[in-house]
Amino acid sequence: MRKMMVLLITAAVFHSVLLAQPLKPVEAESKVGFVIKNMGVDVDGTFQGLKGLVHVNAADWSKSSFDVTVDVNTINTNIQRRDNHLKQADFFDAAQYPEIRIQSTRILPKQGNVYYAEATLTMHGISKSIKFDFIAKPVDGGYLLTSNFSLNRLDYKIGRSSITMADKVTVMLSVLAKK
């Protein structure tokens, strides 16, 4: 009887471990981008250095999670002078805050492949709760996670109030996470 209980407990533990797949972002096939209006024109950019873990429990998405970062020093708006300025203390302060981190606190299924996430976004030394929907599309060996959401750059003290630059930034995520 005791051996049977140990066997059942071991099987249950292994079953839950197998359901929650630890996946890693594949940077070469992922994109972390943003768009902001500056002087009435959309300025877009990207970040590289995507690292972290995505745990997917396809049987119960409420047991899934993610914790990923990007490297602030990789900011690319296709204008080197602007990129260098954005790395300075009055914007991202990349020397003091070299990473942007997003860590889930809750994931819930909505409909089909659409999920709702509550997360903590840490940028420029400031952590704030954010909420957004994302799509999780199964792919060979993992998932493609996509989302667009907006945030206020001033909440993170990225730059100052400006009549030429918008406060609202749209973030676009397309993260391929695989074993």
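Predicted, not measured: the structure shown is a model, and the values here were computed from it.

Peer 1: How should the pairing of strand β4 (residues 65–76) be read in this particular structure?
Peer 2: On any regular strand, side chains alternate: one points to one face of the sheet, the next to the other face. Relative to β4, strand β3 (residues 41–57) runs antiparallel, the two sharing seven bridges. Following the sheet pairing, His 55 is matched in β4 by Ser 65. Relative to strand β5 (residues 99–111), β4 runs antiparallel, the two being bridged by five bridges. The residue bridging Val 70 from the neighbouring strand is Ile 100, located in β5.

Peer 1: What am I meant to see in the environment of Pro 25 here?
Peer 2: In this structure, Pro 25 sits in strand β1 (residues 20–25). Along the sequence, Pro 25 and Leu 50 sit 25 residues apart, while their C-alpha atoms lie 6.8 Å from each other. Among residues more than four places away in sequence, those in contact with Pro 25 are Leu 50, Lys 51, Gly 52, Leu 53, Val 68, Val 175, Leu 176 and Ala 177.

Peer 1: Even after reading the chapter, I still don't get the pattern of salt bridges, so can you show me in this structure?
Peer 2: Pairing of side chains with opposite charge becomes possible as their charged atoms draw close. Tallying each qualifying case throughout the model produces six salt bridges. Asp 67 is the salt-bridge partner of Arg 101, the closest N and O atoms lying 2.6 Å from each other. Here Arg 101 is found in strand β5, whereas its partner Asp 67 is found in strand β4, with 34 residues between them in sequence. Note that Glu 118 and Arg 106 form a salt bridge whose closest N and O atoms lie 3.6 Å from each other. Here the residue Glu 118 occupies a position in strand β6 (residues 114–123), and Arg 106 occupies one in strand β5, the gap between them amounting to 12 residues. On the basis of relative accessible area, Arg 106 is assigned to the partly exposed category, the value being 41%.

Peer 1: Please explain the nonpolar core as it appears in this structure.
Peer 2: Here is a general trend for soluble globular proteins: nonpolar side chains tend to be buried in one another's company. Counting 44 residues, the largest nonpolar core has Phe 92, Ile 102, Phe 132 and Phe 134 as the members making the most contacts within it. If you list the elements that add at least two residues to this core, you get β2 (31–38), β3, β4, β5, β6, β7 (126–139), β8 (142–152) and β9 (165–178). Ranked by residue count, the leading element in this core is β9, at six residues. Setting aside residues no more than four positions away along its own chain, Phe 132 makes contact with Phe 66, Ile 102, Tyr 115, Tyr 116, Ala 117, Ala 119, Ser 147 and Phe 149.

So, how was this worked out
- Residues numbered from 1 in each chain as written.
- Predicted model: local features only at pLDDT ≥ 70, side-chain atom pairs only at ≥ 80, totals over all residues.
- Heavy atoms only, no water.
- Pairing = 2+ DSSP bridges.
- Helix = DSSP H or I, 4+ residues; strand = E, 2+ residues; numbered from the N terminus.
- Contact = heavy atoms within 4.5 Å.
- Salt bridge = Lys/Arg side-chain N within 4 Å of Asp/Glu carboxyl O.
- Buried < 20%, exposed > 50% of the residue type's maximum accessible area, 1.4 Å probe, protein only.
- Core = buried A, V, L, I, M, F, W, Y, C linked by side-chain atoms within 4.5 Å.

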